[in-house]
Amino acid sequence: MSCCAKQKKETPDPTPNPSFEEPSIHEDYKDFERDPFFAFIPQLGRWAGGIVTNELELATKGIVSAPSFTSKFLKGSYAFYRANPNILFREILSGFTVAIMQVPESIAFSFVAGVPPLSGLQATWWMAFITGIFGGKPGMISGAAGALAVVVTRLTASDGVLSYLTTDERLNVLYMTMFVCGIFQIGFAWFRLAKLVRLIPETGMIGFMNGLAIIIFMAQLPAFQYCTAEPLFVQCTVEQRQWLTFSGQPLELSLVLVHVVCCMAIMKFWPKTPKVGKWIPASLVALLVGTLIEWTLFRMAIGQGTRVVEETATIQGDPPKFDWPTIPNDSQTISTMLSFAIQLAAIGAVESVLTLQACNEITDTVPKISDSNQECFAQGLANLVCGLFRAMGGDAMIGQSTINIMNGARHRVSSTMSGVFMLLFTLILSPFISLLPIATLTGVLFMVVLSTFQWKTFIILRYGRLSDSAAIVLVTVVAVFTNLAIAIAAGIILSALVHAWDSGAHVETDVVVKDMIINGKRVNDVKYVHVRGSIFFSSTRKFINMFNIAEDPKTVILDFKDALIIDHSAVAAIQGLSHRYALAGKRIIIMNIQQKCIGRMQRTHGDKEKFHTQMSHHVADLESQRREEEEERETNVIGSPSSEPKDLQNLKMFETDVDGMDAELNKLIDNSADVQEVDSAKRSC
């Protein structure tokens, strides 16, 4: 290489070759073609067909493997409980205790729903038994619940939405509604909608638990009421019931409070009793002690008793009978039935999935979406069966589930046996259950209220963020006065709005005015804007206000390397900026848009050709290109005679001929003498 050539190469040229060929727009973006307008129809068909095919394959596989799976499950369960009889005893005993606890609640919620008590009791039997077998969380209890009862009462009330029907006709519509509700919940499980639970924020969960605790608490308040107008308490209307007061019934109210306090004390301290405290559930001990005190100390010694189950409602009835509900024949009733079925399905699914999550937190179990979908399927199947046997339906019960888990139950035997015992109570053991004092049952459920309510709420309200406090209060209040599904939806909407507002303020830009290389040509005074953050409907206004079209230079580069274009509002904002800059005789160049955002802009941008033009420029920083050229020149001139060594190893004195060095080593080895020790040399002589 000649000296002149080297000198010419080493001279930096800040202006690149003007003959640089400008890239072709269609070659760079030929893969980003917008689909035909009606292309979604076959795509939707293929998607739905794939889902149906996959589900049919799963169903076929499940049906084929069901006998072998059932056989293995039964054999494994038998071997497990045979090797662990103590666990089996605890499971059955806990199921028995929970069933006792469900009796007054089922009766109370039956009254709230406006259905016969037997309808609520049979609903609890079916719900507990079916979900105990097929549910997604072993040990979780289901039954007639207050969350559904407050909605059902609008169907059964004489002044409700079906006021033009008779009582029997309204009950028939209710049972058909529960049948359809079960179908909807099975559909929720089929479409894997349980994953939507991840949208529920932690504040929504706290509000849900608080609202549920308040609903359970309010359901126990009738224990402090009395009625003399009817033989049974449940037969009295709300107007006929009166509150116990110290001025009117001081002794009876005092005995009720003694029952409640004694029961809560036993529930609190019995588990700490050595040995027996771990084997016998505290709630069962509280019920036995309360019954003993009622029929010995109170009624025999004092001569004054409190209200018991037999004075509240009759629980003895016939076995469940199949009865297909009549399908309504007018459009208004059918519309009402479908709307209430959707509401009940959503409420039951949400409460059941959240109860499952609450049980997982108590047992320190890692939650799985498949468990939630399985629970939705079990709830739907149970409600479907309830509709066919004239039962009011239900969902998961956080109170009874908490009691069951607190008793040490962790398997399906407890939840399944609670349903079996509920049926036995209805048919055979009703005389024993009739002796239980309502106040003792109230004390047990008051402990459930205390464990369900999230007491950290007050810390969040005092020290937490205002939006979090507002979300907790909103969900709690709406849950109490409407239903849990609406409450959760309100919490999600509020949290989403707050998140959108906060995220909209996190869009930032780094602006530099400098010379740059665009399509091989040097352009002076280019405004380079590095955008960071998410651009969507909440942040577009701030993004647009970052630009001043009148004062900006002729060329503006938008670098979206660290930004996301979320929705069409962002696309419209970028398109509007481009249009206004074009009207001012200026241009915008877009670069480094992420791949998933390019498709969104390609599909919704109004002017595809203009968008492609903005995206197809080759842009380089002048300083960066100059450094690259210098590095390239240094690489090309290394090894030339005139180049100066950069490292010591490049000096002439350290250069070595490898082949010559190997020859010298071999010569030294050949000429080496035989070296021996002096002593060994003498001995050899």
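Criteria and cut-off values
Residue numbers restart at each chain and count upward from 1, following the sequence in its written direction. Since the coordinates come from a predicted model, pLDDT governs what is reported: local features require at least 70, and pairs of side-chain atoms require 80 or more to be given and counted, while whole-chain, interface and lining totals use all residues. With hydrogens and water set aside, each side-chain value is computed from the structure's full complement of heavy atoms. Secondary structure counts use DSSP, requiring at least four H or I residues in a row for a helix and at least two E residues in a row for a strand, with both numbered from the N terminus. Exposure classes here rest on a 1.4 Å probe applied to the protein chains alone. A residue is buried below 20% of its type maximum, exposed above 50%, and partly exposed in between. We call two residues in contact whenever any of their non-hydrogen atoms come within 4.5 Å of each other. Surface exposure here means Shrake-Rupley accessible area, sampled with a 1.4 Å probe, where a residue is shielded only by the protein chains that are shown. Ring geometry is summarised as follows: Phe, Tyr and Trp rings, the Trp one being its six-membered ring, pair when their centres sit within 6.5 Å, and such pairs are stacked at plane angles under 30 degrees, edge-to-face over 60 and tilted between the two. Residues forming no salt bridge and having over 30% relative accessible area are the ones grouped into patches, like charges within 9 Å of each other and nonpolar side chains (Val, Leu, Ile, Met, Phe, Trp, Tyr) within 5 Å. Salt bridge, as applied in this entry: a Lys or Arg side-chain nitrogen positioned within 4 Å of an Asp or Glu carboxyl oxygen. We call two strands paired when DSSP finds no fewer than two bridges between them. Fitted lines through C-alpha atoms give the axes, limited to the stretch in contact for helices. The angle between two N-to-C directions lies from 0 to 180 degrees. Note on disulfides: each one is a pair of cysteine sulfur atoms within 2.5 Å. Positive charges come from Lys and Arg, negative ones from Asp and Glu, while His and the chain ends are left out of the count. In this scheme, a helix's expected span is set at 1.5 Å multiplied by one less than its residue total. A score from 0 to 100, pLDDT tells how confident the predictor is in each residue. By the definition adopted for this analysis, an angle is roughly parallel if under 35 degrees, roughly antiparallel if over 145, roughly perpendicular if from 65 to 115, and oblique otherwise. Crossing chirality is assigned from the near helix's rotation relative to the far helix, an anticlockwise turn below a right angle marking it left-handed and a clockwise turn marking it right-handed. Three classes are used, and their members are as follows: Ala, Val, Leu, Ile, Met, Phe, Trp, Tyr, Cys and Pro are nonpolar, Asp, Glu, Lys and Arg are charged, and the others, Gly among them, are polar.

Novice: How should I be thinking about the overall build of the protein chain in this particular structure?
Specialist: Helix and strand counts for the protein chain come out as 27 helices and nine strands. Here the protein chain, with 685 residues, has 45% of them falling under the buried criterion. Across the protein chain, contacts joining residues at least 24 apart in sequence account for 80% of those joining residues at least 6 apart. Total accessible area on the protein chain stands at roughly 36,200 Å², and carbon and sulfur atoms take up 62% of it.

Novice: Just to check I follow, could you spell out the packing of aromatic side chains for this structure?
Specialist: Geometrically, a pair of aromatic rings is defined through the distance of the ring centres and the angle of the planes. The full count for this structure, using the stated rule, is 19 aromatic pairs. Ring centres of F80 and Y81 lie 5.1 Å apart, and the angle between their planes is 75°; this geometry places the pair in the edge-to-face category. Assessed through its relative accessible area of 32%, F80 is described here as partly exposed. Taking 6.5 Å as the distance between ring centres and 15° as the angle between the ring planes, the aromatic pair formed by F224 and F446 counts as stacked. In this pair, F224 is assigned in the loop between α8 (202-219) and β2 (225-226) and F446 in helix α17 (residues 438-452), connecting sequence segments 222 residues apart. Here F224 matches F446 in class, with each residue buried.

Novice: Would you explain a nonpolar patch on the surface in this entry?
Specialist: On the surface, V52, L56, W190, F191, L193, L196 and L199 cluster together into a nonpolar patch covering about 640 Å² of accessible area. Residue W190 is classed as partly exposed on the basis of its relative accessible area, which comes to 35%.

Novice: In this structure, what is going on with the sheet that holds strand β6 (residues 521-535)? I would like to understand it.
Specialist: Where strands meet in a sheet, backbone hydrogen bonds hold them as pairs that are either parallel or antiparallel. A sheet is described by the order of its strands in space; here five strands give the open sequence β8-β7-β6-β5-β9, paired in mixed fashion. The two strands at the open ends of the sheet, each matched to only one other strand, are β8 (587-591) and β9 (619-621). The sheet shows a mean angle of 40° between the axes of neighbouring strands, direction not considered. The pairing of strand β5 (residues 508-518) with β9 spans three bridges and is classified as antiparallel. Bridge pairing in β9 links I518 to V619. Against the sheet, helix α22 (residues 568-583) touches β6, β7 (555-565) and β8, its axis set at about 175° to β7.

Novice: Would you take a moment to explain the pairing of β5 for this structure?
Specialist: Two faces make up the sheet, and in a regular strand the side chains alternate between them. When β5 meets β6, the two strands line up antiparallel, connected through 10 bridges. Within β6, the residue paired with D510 across the bridge is H530. The hairpin formed by β5 and β6 contains two residues between the paired strands, and N519 there has a positive phi angle of roughly 55°.

Novice: Sorry, what's going on with the state of the cysteines here?
Specialist: Formally, a disulfide is one covalent bond, and it connects the sulfur atom of one cysteine to the sulfur atom of another. Taken as a whole and assessed by the stated rule, the structure comprises one disulfide. With a sulfur-sulfur separation of 2.0 Å, C227 is cross-linked through a disulfide to C236. Judged by the sign of its S-S torsion, about -95°, the bond between C227 and C236 is left-handed. You can see C181 has no disulfide; the closest cysteine sulfur is in C386, sitting 9.8 Å from it.

Novice: Can you help me understand the side chain of R241 in this one?
Specialist: Structurally, R241 can be placed in the loop between β2 and β3 (242-243). Buried within the structure, R241 lacks any salt-bridge partner; its nearest side chain of opposite charge belongs to E239, at an N-O separation of 8.5 Å. Leaving out residues up to four positions away in the same chain, R241 has contacts with F111, P222, Q225, Y226, C227, F233, V234 and C236.

Novice: Just checking my understanding: could you explain the pattern of salt bridges for this structure?
Specialist: Close approach of charged atoms lets side chains of opposite charge pair. Applying the stated criterion across every chain yields a total of nine salt bridges. Note that R299 and E311 form a salt bridge whose closest N and O atoms lie 3.7 Å from each other. Placement of R299 in helix α11 (residues 282-302) and of E311 in the loop between α11 and α12 (331-363) is noted, with a sequence separation of 12 residues between them. Given the relative accessible area of 25%, R299 is considered partly exposed. The exposure class assigned to E311 is partly exposed, which follows from its relative accessible area of 33%. Residue R390 pairs with D323 through a salt bridge whose shortest N-O separation is 3.1 Å. Pair noted here: R390 is in the loop between α13 (369-388) and β4 (395-396) and D323 is in the loop between α11 and α12, with a separation of 67 residues, a long-range link. According to the relative accessible area criterion, D323 is partly exposed, its value standing at 31%. When salt bridges that share partners are traced, they join E294, R299 and E311 into one network.

Novice: Sorry if this is basic, but what is going on with helix α5 (residues 117-134) here?
Specialist: Taking 1.5 Å as the rise per residue, α5 with 18 residues should run 26 Å; its terminal C-alpha atoms sit 26 Å apart, in good agreement. Taken across its 18 residues, α5 has 13 buried, putting it largely inside the fold.

Novice: Sorry if this is basic, but what is going on with unusual backbone geometry here?
Specialist: Trans is the prevailing form of peptide bonds, just as negative phi is the prevailing case for residues other than glycine. In the Ramachandran plot, R192 falls in the positive-phi region, its phi being about 55° despite a non-glycine side chain. Mapped onto the elements, R192 comes out in the loop between α7 (167-190) and α8. In this structure, D525 takes a positive phi of about 55° despite not being glycine. By secondary structure assignment, the location of D525 is in strand β6. Under the relative-accessibility criterion, D525 is labelled partly exposed at 49%.

Novice: In this structure, what is going on with the confidence of the model for the protein chain? I would like to understand it.
Specialist: Atomic detail in the predicted coordinates should be set aside for any region of low pLDDT. Mean pLDDT over the protein chain works out to 81, with 84% of the residues at or above the 70 mark. Throughout residues 1-30 the model reports pLDDT below 50, and contacts reaching past four residues in sequence, or to other chains, amount to 35 contacts. Low pLDDT (under 50) marks residues 677-685, which in the prediction has one contact with non-local residues, meaning those over four places away or in another chain.

Novice: Honestly, the packing of α7 against α13 in this entry has me stumped. Any pointers?
Specialist: Think of two packed helices as two axes; the pair is described by the angle between the axes and how far apart they sit. Direction vectors running N to C along α7 and α13 enclose 160°, while the axes themselves pass 7 Å from each other. Between α7 and α13, the interaxial angle falls into the category roughly antiparallel. Taken as a pair, α7 and α13 cross one another with a handedness that is left-handed. When α7 is examined against α13, the residues Y175, M178, F179, C181, G182, I183, Q185, I186, F188 and A189 are found in contact with a partner set consisting of N373, C376, F377, Q379, G380, L381, N383, L384, G387 and L388. Considered class by class, the residues forming the contact of α7 with α13 number 13 nonpolar, seven polar and no charged.

Novice: Got a minute to help me understand the pairing of β7 in this structure?
Specialist: For β7, a buried count of eight out of 11 residues is recorded, marking the element as mostly surrounded by other parts of the structure. Note: β6 against β7, nine bridges, orientation parallel. Paired with H530 across the strands is D559, a residue of β7. As judged from the five bridges shared by β7 and β8, these two strands associate in the parallel manner.

Novice: Just to check I follow, could you spell out the environment of L384 for this structure?
Specialist: Within the element layout of this structure, L384 appears in helix α13. With 207 residues separating them along the chain, L384 and T177 place their C-alpha atoms 9.2 Å apart. For L384, the contacting residues outside a window of four places in its chain are M178, F179, G182, I183 and I186.

Novice: Hey, could you run me through α12 in this one?
Specialist: Because each turn of an α-helix spans 3.6 residues, side chains separated by three or four positions in sequence point in the same direction. Taking 1.5 Å of rise per residue, the 33 residues of α12 would be expected to cover 48 Å, and the 47 Å separating its terminal C-alpha atoms lies within 8% of that figure. Directly beyond the C-terminal end of α12, a positive phi value near 55° is found at D364.

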